[in-house]
Amino acid sequence: MPNDRNVARVLLDRQGRTYAEEGGIPLADRPGPLYQLLVLSMLLSTRIRASVALAAARELFTAGYRTPQAMEAASWQDRVDALGRGHYRRYDERTATMLGTGARLCLDRWHGDLRRMHKEADGDRTVLRRLLTEFPGIGPTGADIFLREAQTVWPDVRPYADRRALTGARRLGLPANPSGLAGLVGEGEFGRLASALVRVALGEESAGEVSRTAAAAR
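Criteria and cut-off values
Residues numbered from 1 in each chain as written. Predicted model: local features only at pLDDT ≥ 70, side-chain atom pairs only at ≥ 80, totals over all residues. Heavy atoms only, no water. Helix = DSSP H or I, 4+ residues; strand = E, 2+ residues; numbered from the N terminus. Contact = heavy atoms within 4.5 Å. Areas by Shrake-Rupley, 256 points an atom, 1.4 Å probe, with all protein chains shown as cover. Lys, Arg positive; Asp, Glu negative; His and termini not counted. Charge placed at Lys NZ, Arg CZ, Asp CG, Glu CD. Phe/Tyr/Trp six-rings, centres within 6.5 Å; stacked < 30°, edge-to-face > 60°. Buried < 20%, exposed > 50% of the residue type's maximum accessible area, 1.4 Å probe, protein only. Lys NZ or Arg CZ within 6 Å of the ring centre and 35° of its normal. Polar contact = N/O pair within 3.5 Å; in protein donor to acceptor, adjacent residues only side chain to side chain. Salt bridge = Lys/Arg side-chain N within 4 Å of Asp/Glu carboxyl O.

(A) Structural context of the overall build of the protein chain. Counting secondary structure elements, the protein chain contains 14 helices and zero strands. By principal-axis analysis of the C-alpha atoms, the protein chain measures approximately 55 × 40 × 25 Å. Partitioning the contacts of the protein chain with sequence separation of at least 6, the portion at a separation of at least 24 is 65%. Accessible area for the protein chain stands at about 9,700 Å²; split by element, carbon and sulfur atoms hold 47% of it. Of note, the protein chain has its 32 positive side-chain charges centred 3 Å away from the centre of its 26 negative side-chain charges.

Written out as structure tokens, the structure is:
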């Protein structure tokens, strides 16, 4: 049987990209990338394939809607059209409205800078989750997605593993708790591991194949 560290290393080698990276977000502790992560988290939290949500996010960002100012300035129809190009059609009209409303909230409440939200929470993840769910379209799942990805640039959030990441861990026989998982990788790699575990939970990566590869590499 492979040991847990080997399994985690194989998983990172196979699925080491975060969803933010796949969505075209050069994540950093800056206003633009953090807002883009908020948008991606909203899109990923609906009942739609992750690949479609990622494609829709890339279309929105390609259209120039990378800041709350640009998102709000875009017409409702422009937002609908960008979502449609990403095949995010089931929820496109409602989502276009929420994107505009959320952009205005980001500007009014946080002056367009989610670092202010981070500072107000003062390292309390429960407070961060509550503040995130004030945005339209961001429920508990969306807040989990945001924090799971943001931990790569907000060290005080680590280790953050949401329900889906822990489901992936159980399928691989890894510790089903954040602290146990954190002991398997370097501190700066935990966000990538959490995203990779979600891919296992969603069936985007085979738990059996990861385990077999890890066993063969011993």
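(B) How the structure looks around the packing of aromatic side chains. By the definition in use, this model includes two aromatic pairs. Note on Tyr-88 and Tyr-91: the rings are 6.4 Å apart at their centroids and 55° apart in plane angle, and the pair reads as tilted. By the burial criterion, Tyr-88 is buried, and Tyr-91 matches it. Note that Arg-109 overlies the ring of Trp-110, its terminal NZ or CZ placed 4.0 Å from the centroid.

(C) Summary view of the environment of Arg-85. By the secondary structure assignment, Arg-85 is in helix α6 (residues 76-85). Residue Arg-85 is classed as partly exposed on the basis of its relative accessible area of 45%. Placed 27 residues apart in sequence, Arg-85 and Arg-58 show a C-alpha to C-alpha distance of 9.7 Å. With near-sequence residues (within four places) excluded, Arg-85 lies in contact with Glu-59 and Ala-63. Here Glu-59 takes part through its side chain, which lies 3.3 Å from a polar atom of the side chain of Arg-85.

(D) Region of interest: the pattern of salt bridges. Taken as a whole and judged by the stated rule, the model has 16 salt bridges. The salt bridge involving Glu-204 is made with Arg-199; its shortest N-O contact spans 3.2 Å. With relative accessibility at 36%, the residue Glu-204 sits in the partly exposed group. A salt bridge links Arg-212 to Glu-209; the shortest N-O distance between them is 3.2 Å. One end of the pair is Arg-212 and the other is Glu-209, both in helix α14 (residues 207-216) and three residues apart, which spans about a single turn. Taking relative accessible area as the criterion, Arg-212 reaches 53% and is therefore assigned exposed. You can call Glu-209 partly exposed: its relative accessible area is 30%. Look at the salt bridges and you will find they share partners, linking Glu-22, Arg-199 and Glu-204 into a network.

Spatial relationships are all this shows, so hold off on functional conclusions.
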